[in-house]
Amino acid sequence: MLNLVKRLGLSSGILCILILPAFGWDDTGHKISAYIAWQQMTPAVRERVIKIMTEAPEDSQLGALYATYGSQSQETRKRDFFMVASTWADMVRDRNFATRFRKYNKGNWHYADTFWSRSGDNKITYLPAPEDGGQALARLEEYNKLITSNAKDADKAIAIAWLLHIIGDLHQPLHTSARITETEPKGDQGGNLFLLTPQGTPRADQLNLHWYWDSIIVRNVPNGANACDSEYLAPIAQRIMKEYPYAKMESRIDADRFEAWVKDSLTYAQNDVFSSDLKRFEMPSEKYKKKAFGVARLRLAMAGYRMADMFNRAFTASPVS
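Procedures and definitions
Residues numbered from 1 in each chain as written. Predicted model: local features only at pLDDT ≥ 70, side-chain atom pairs only at ≥ 80, totals over all residues. Heavy atoms only, no water. Helix = DSSP H or I, 4+ residues; strand = E, 2+ residues; numbered from the N terminus. Rg over C-alpha atoms; globule rule 2.2 N^0.38 Å. Buried < 20%, exposed > 50% of the residue type's maximum accessible area, 1.4 Å probe, protein only. Contact = heavy atoms within 4.5 Å. Core = buried A, V, L, I, M, F, W, Y, C linked by side-chain atoms within 4.5 Å. Pairing = 2+ DSSP bridges. Salt bridge = Lys/Arg side-chain N within 4 Å of Asp/Glu carboxyl O. Axes fitted to C-alpha atoms, helices over the stretch in contact; angles between N-to-C directions. Parallel < 35°, antiparallel > 145°, perpendicular 65-115°, else oblique. Left-handed = near helix turned anticlockwise from the far one by under 90°. Polar contact = N/O pair within 3.5 Å; in protein donor to acceptor, adjacent residues only side chain to side chain. Nonpolar A, V, L, I, M, F, W, Y, C, P; charged D, E, K, R; others polar. Phe/Tyr/Trp six-rings, centres within 6.5 Å; stacked < 30°, edge-to-face > 60°. Lys NZ or Arg CZ within 6 Å of the ring centre and 35° of its normal.

A. Here's a closer look at the overall build of the protein chain. When its secondary structure is counted, the protein chain shows 15 helices and three strands. Computed over its C-alpha atoms, the radius of gyration of the protein chain comes to 19 Å, within 12% of the 20 Å expected for a compact globule of 321 residues. If one aligns the C-alpha atoms of the protein chain with their principal axes, the spans along those axes are about 60 × 40 × 40 Å. Burial status across the protein chain gives 55% buried among its 321 residues. Here the contacts in the protein chain between residues at least 6 apart in sequence split such that 73% fall between residues at least 24 apart.

B. Representation of the nonpolar core in the model. Counting residues in each nonpolar core, the largest one holds 92 residues, and the members touching the most others are Phe82, Trp88, Leu209, Trp213 and Phe311. Counting residues per element, this core draws most heavily on helix α15 (residues 286-315), at 17 residues.

C. Expanded view of the pairing of strand β2 (residues 124-127). For strand β1 (residues 114-118) and β2, the ladder comprises four bridges, and the chain directions are antiparallel. Paired with Trp116 across the bridge in β2 is Tyr126. Here β1 folds back onto β2, and the loop between the two strands holds five residues, one of which, Asn122, carries a positive phi near 75 degrees.

D. Region of interest: the pairing of β1. The sheet contact formed by β1 and strand β3 (residues 177-179) spans three bridges and is parallel. When the sheet's bridge partners are listed, Thr114 is paired in β3 with Ser177.

E. A look at the pattern of salt bridges. Taken as a whole and judged by the stated rule, the model has 16 salt bridges. Here Asp264 and Arg299 are joined by a salt bridge, their closest N and O atoms 3.0 Å apart. Of this pair, Asp264 sits in helix α14 (residues 258-273) while Arg299 sits in helix α15; the two residues are 35 residues apart in sequence, bridging distant segments of the chain. Note on Asp264: relative accessible area 24%, which makes it partly exposed. In this structure, a network of salt bridges that share partners links the residues Asp27, Lys31 and Asp229.

F. A look at the packing of helix α8 (residues 136-146) against helix α9 (residues 153-170). Running from N to C, α8 and α9 point in directions that differ by 140 degrees, and their axes come no closer than 9 Å. As judged from the angle between their axes, α8 and α9 are oblique. Seen from above, α8 lies across α9 with left-handed handedness. On α9, the residues that touch Ala136, Arg139, Leu140, Tyr143, Asn144 and Leu146 of α8 are Asp155, Lys156, Ala159, Trp162, Leu163, Ile166, Ile167 and Leu170.

G. Here's a closer look at unusual backbone geometry. Of note, the phi angle at Gln61 is positive, near 60 degrees, even though the residue is not glycine. Looking at the element boundaries, Gln61 is found in the loop between α4 (43-53) and α5 (74-85). Within the chain, Asp256 stands out as a residue other than glycine whose phi angle is a positive 65 degrees. Along the chain, Asp256 falls in the loop between α13 (246-249) and α14.

H. Inspection of the sheet that holds β1 at higher detail. Taken in spatial order, the three strands make up an open sheet running β2-β1-β3, and their pairing is mixed. Here the strands that pair on one side only, and so sit at the sheet edges, are β2 and β3. Averaged over all pairs of adjacent strands, the angle between strand axes in this sheet comes to 35 degrees, irrespective of strand direction. Most of the contacts of α14 go to β1, to which it runs at about 25 degrees, and overall it touches β1, β2 and β3.

I. Fine view of the side chain of Asn312. As for its placement among the helices and strands, Asn312 is situated in helix α15. With relative accessibility at 16%, the residue Asn312 sits in the buried group. One polar contact links the side chain of Asn312 to the main-chain amide nitrogen of Thr42, over a distance of 3.1 Å. Not counting residues within four places of it along the chain, the set of residues in contact with Asn312 comprises Gln40, Met41, Thr42 and Val45.

J. Representation of the packing of α8 against α14 in the model. Between α8 and α14, the shortest axis-to-axis distance is 10 Å and the interhelical angle comes to 145 degrees. Considering only the axes of α8 and α14, their crossing is right-handed. Judged by residue contacts, Leu137, Leu140, Glu141 and Asn144 of α8 engage Phe258, Glu259, Trp261 and Val262 from α14. Split into classes, the residues belonging to the contact of α8 with α14 amount to five nonpolar, one polar and two charged.

K. Spotlight on α8. Within α8, burial applies to Ala136, Leu137, Arg139, Leu140, Tyr143, Asn144 and Leu146. At its buried positions, α8 is contacted by α9, α14 and α15.

L. Structural context of the packing of aromatic side chains. Scanning the entire structure with this criterion turns up 15 aromatic pairs. Ring centres 6.3 Å apart and planes at 35 degrees place the aromatic pair Phe311 and Phe315 in the tilted group. Of this pair, Phe311 and Phe315 both sit in helix α15, separated by four residues, roughly a single helical turn. Every member of this aromatic cluster is reached through a ring pair, and the members are Trp88, Tyr104, Trp109, Tyr143 and Trp162. Above the ring of Trp109, the side-chain terminus of Arg139 is found at 5.2 Å from the ring centroid. When the ring centre of Tyr212 is taken as origin, the NZ or CZ atom of Arg219, which lies over that ring, is 4.1 Å away.

The structure is reproduced here in structure tokens:
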């Protein structure tokens, strides 16, 4: 069984493999936002989206993530497939699957950085990008158009997987931010260069700000029972939906206003991620930790509701080919 999982590149979400604490926003957070989106999508749209994704090109291995057997209900399998598909864009980074990697891995599609600096009087200045700032915004606009076009379902399947992932990424504030300082004159790479461990810490043991935000869910809500995704992630997502219900968030969806989404996320980076109490080479305080976790829950809810809104509008009354 394990050899089969390795060959197909299947995720823990489908086969109920135990989740390890190393998974962060790149796995746990993405699946939570996808779960929230699934709950908000209409039954007809769910069916249409699942049918499209199972038509993905075979070399993408996206369709192989759908469990066609097991004790779970068909509806649960479809939901879990949708959730794990939100992490496919990270799966294809694995060089061990050479064909998939060469064709589908797109490293600069995961972020849309704005370069900025803050002066001593707290004034923010926006600066031209000294290097590629990422293609997430452009791909979001492209694939949003593609899923409403006459494109083949195989192409739409890849688009849906990327939309699930990119929308999630852009709601992690550091996927929209490249802060420029004297230490990082070309930008801090979304907080990857902002170290939280003491100076001189061996590279293998270093922790950075981007890691801190990526891993925020599992550090605040550990999977101590080693539960599978359905048991671990669903209750977290349900609590987030109760805390931030759709009715409360609907007015902020800003459908198709993707630049506004990025600007919104960047504002959280500037005000909440790089708050005045954050210090280089020190782990954040308990006060920072509590506030950051609250921001993360809000952003995950917003990402999920925006996904659902996009798919509901794109696929409502769309005929099944």
